[in-house]
Amino acid sequence: MIKCTECDAEIKIPDDAMENEIVTCPDCGASYELIKSSNGFTIRPAQSVGEDWGE
Ligand SMILES: [Zn+2]
């Protein structure tokens, strides 16, 4: 289980998750990018600066 680095809430990773997929913390709404590692996935804060999502 991966924990949010902002609020320590548990973030569920889908079984079919893919690397670079964006997951969102259900508690604080922080976005993370999935990074595949040798023993599963880790997360890092999603890069939102400089990207335009149309909002
Ligand atoms: Zn959180």
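Model, not experiment: these values are computed from the prediction.

Trainee: Whenever I open this one, the overall build of the chain confuses me. Can you help?
Mentor: The number of helices and strands found in the chain is zero helices and five strands. When the 55 residues of the chain are sorted by exposure, 9% land in the buried category. For the chain, long-range pairs separated by at least 24 residues make up 14% of all intrachain contacts whose partners lie at least 6 apart in sequence.

Trainee: What should I look at first to understand the pairing of strand β5 (residues 40–45) in this one?
Mentor: Regular strands have side chains that alternate between both faces of the sheet. In this structure, strand β4 (residues 31–37) lies alongside β5, joined through six bridges in antiparallel fashion. By the bridge assignment, lysine 36 is partnered in β5 with phenylalanine 41. The hairpin formed by β4 and β5 contains two residues between the paired strands.

Trainee: Even after reading the chapter, I still don't get unusual backbone geometry, so can you show me in this structure?
Mentor: Note: most residues except glycine have negative phi, and most peptide bonds are trans. For aspartate 8, which is not glycine, the phi torsion reads 70° and is therefore positive. Residue aspartate 8 is classed as exposed on the basis of its 10 C-beta neighbours within 10 Å.

Trainee: How should the environment of glutamate 6 be read in this particular structure?
Mentor: Within the fold, glutamate 6 resides in the loop between β1 (2–3) and β2 (10–11). For glutamate 6, a count of 13 C-beta atoms within 10 Å translates into the label partly exposed. Placed 22 residues apart in sequence, glutamate 6 and cysteine 28 show a C-alpha to C-alpha distance of 7.6 Å. The contacts of glutamate 6, once residues within four sequence positions are left out, are Cys25, Cys28 and Ala30.

Trainee: Any chance you could explain the sheet that holds β4 here in plain terms?
Mentor: Strand pairing within a sheet occurs via backbone hydrogen bonds; the two strands may be parallel or antiparallel. Taking strand neighbours across the sheet as the criterion, the three strands line up as β3-β4-β5 in an open arrangement whose pairing is antiparallel. Strands at the two margins of the open sheet, each flanked by one partner only, are β3 (22–24) and β5. The average undirected angle you get between the axes of adjacent strands in this sheet is 45°. In terms of strand pairing, β3 meets β4 through three bridges, oriented antiparallel. Directly across from threonine 24, in β4, lies its bridge partner serine 31.

Each value, and the rule that gives it
Residues numbered from 1 in each chain as written. Predicted model: local features only at pLDDT ≥ 70, side-chain atom pairs only at ≥ 80, totals over all residues. Helix = DSSP H or I, 4+ residues; strand = E, 2+ residues; numbered from the N terminus. Buried ≥ 20, exposed ≤ 12 C-beta atoms within 10 Å, placed from the backbone. Contact = placed C-beta atoms within 7 Å. Pairing = 2+ DSSP bridges. Axes fitted to C-alpha atoms, helices over the stretch in contact; angles between N-to-C directions.

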